[in-house]
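So the chains spell out like this:
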Amino acid sequence: MKIVLPLSRTLTSLFVIAVARLPADPGSLVPWRIAPAHRRAALTAMGAGLLTITRHATPWRPAGATLPADHLRRLRRTMAHLVVAATAPPHRLPAIAQTARAVARALADACDGVLIDPLTGAYVPTRGRRADEPPRFDLGDDWLGWDVQVHDAATCPPWDPADTAGCDCLRMTSRGLRRFALPEITLDGAACAHSLCATHLLRTVAHRLVADQLAYLAAHPGAPHRRLDDFLPIRPEGVGAPFGVRLTPYDAGQGELGRTGSIRRLKVGPAPGAGQVTCLKVGPPSGFTGSVNAWLCATRGAHHATLTSTPTLAAA
């Protein structure tokens, strides 16, 4: 079965910088502060009207953002905010989104502001490690966030990684795939003890979906829609055997995180014929002498392939 994904004529990437005081001309700060790899693209986009910076003399209050305590304290002291918006056709992804974030990082650094990605609900680093926007696109570089909900924590049994049937209270949903003209994905009904496994599964699916989407958009600029197969084969690089997931159009009747309205997602389920499982079963390779949990913690960042700006996976 095919799932039809509509493709908008344009997409907008937004970034918010909460500041104590508004600069008189924020655009003048961009050429000198922006990372060299994105400087020319930023100036070109601003000159063409694809990228804008607007000033707002009011505090910005995030809804659903998950910020560290020190950044929340800084945010409460701010009195104004800037909004960086880049609007372009989908086939300009991911470059236009990176350009917008590079400009936002430059402004946040120049104004000593707090940079927030409203789509992921997360803080974007502007100082220290990874302060500048990297030259190449990597989906794992703060482009995705996760909503984690436990339906009823009071009924959860003691934590036991071996007991996949102990509870089914975990729901995890991605935040950020909409930036790439994709529905968000959700995994509902996993055991709360398997949150790491669930995160790994969703990250792997997200990397594959975005890689295929970018390849399709590059090959079919201006396409009004894309037909996606509801069975997605996954072939991990380096670690793990191939597996598949089923993608089902899904409407969350109660809305995202308890808010009113509904959000269209792709619900991730087990591969046809694989039986009902709460998560993918993984185990350490032969020769590993530690526990399963020690292996998961040691290799959790190496399970999925890095998605760069030159996708090589075939588009659906």
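As the structure is a computational prediction, the values presented were derived from the model and not from experiment. By convention here, each chain's residues receive numbers from 1 onward along its written sequence. Local features are withheld for residues below a pLDDT of 70 in this predicted model, meaning they are given only at 70 or higher, and side-chain atom pairs are given and counted only at 80 or more; totals for whole chains, interfaces and linings count all residues. Hydrogens and water are ignored here; the side-chain numbers use all heavy atoms of the structure.

Participant: Just checking my understanding: could you explain helix H4 (residues 95-111) for this structure?
Facilitator: It helps to recall that an α-helix has 3.6 residues per turn; residues three or four apart then point in one direction. We count a stretch as a helix when DSSP gives it H or I for four or more residues in a row; a strand needs E for two or more, and each element gets its number in order from the N terminus. The span one expects for a helix is its residue count, reduced by one, times 1.5 Å. For H4, with 17 residues, the first-to-last C-alpha span of 24 Å sits near the 24 Å given by 1.5 Å per residue. Exposure is judged per residue with a 1.4 Å probe applied to protein chains only, and the accessible area is read against the type maximum: over 50% gives exposed, under 20% gives buried, and values in between give partly exposed. Most of H4 is tucked away: 14 of the 17 residues are buried.

Participant: How should I be thinking about the sheet that holds strand S4 (residues 80-88) in this particular structure?
Facilitator: Across the sheet, 5 strands lie side by side as S3-S4-S2-S5-S6; this open sheet has antiparallel pairing. Edge strands, defined here as strands with exactly one partner in the open sheet, are strand S3 (51-56) and strand S6 (122-123). Note on pairing: DSSP must find at least two bridges between two strands before they are called paired. Bridge count between strand S2 (residues 11-19) and strand S5 (residues 114-117): 3 bridges; the pairing is antiparallel. Across the sheet, the residue bridging to valine 16 is isoleucine 116, located in S5.

Participant: Would you mind going over the nonpolar core with me for this structure?
Facilitator: One recurring pattern in soluble globular proteins is that nonpolar side chains are buried together. Formed by 63 residues in total, the largest nonpolar core has its most connected members in Ile17, Val84, Val103, Ile185, Leu209 and Leu247. The contact criterion used is simple: two residues touch if any of their non-hydrogen atoms lie within 4.5 Å. Sequence-distant contacts of leucine 209, that is, excluding residues within four places in its chain, are made with Leu182, Ile185, Arg226, Leu228, Leu232, Leu247 and Leu266. Note on terminology: a nonpolar core comprises buried Ala, Val, Leu, Ile, Met, Phe, Trp, Tyr and Cys residues joined through side-chain atoms within 4.5 Å. Core analysis: the next-biggest nonpolar cluster, separate from the first, contains 8 residues, Trp60, Leu75, Val114 and Ile116 among them.

Participant: Can you help me understand a positive patch on the surface in this one?
Facilitator: Residues enter patches when their relative accessible area tops 30% and they take part in no salt bridge; the joining distance is 9 Å for like charges and 5 Å for the nonpolar side chains Val, Leu, Ile, Met, Phe, Trp and Tyr. All accessible areas in this document rest on Shrake-Rupley with a 1.4 Å probe, and a residue is counted as covered only by the protein chains that are shown. What makes a salt bridge here is a side-chain nitrogen of Lys or Arg within 4 Å of a carboxyl oxygen of Asp or Glu, nothing more. Just so you know, the count uses Lys and Arg for positive and Asp and Glu for negative, and it drops His and the chain ends. The atoms used to mark charge sites are NZ of Lys, CZ of Arg, CG of Asp and CD of Glu. Among the surface-exposed residues, Arg61, Arg73, Arg76 and Arg77 lie close enough to one another that they form a single positively charged patch. Relative to the helices and strands, arginine 73 is located in helix H3 (residues 69-77). We classify arginine 73 as partly exposed; its relative accessible area is 44%.

By themselves, these observations are geometric and do not establish any function.
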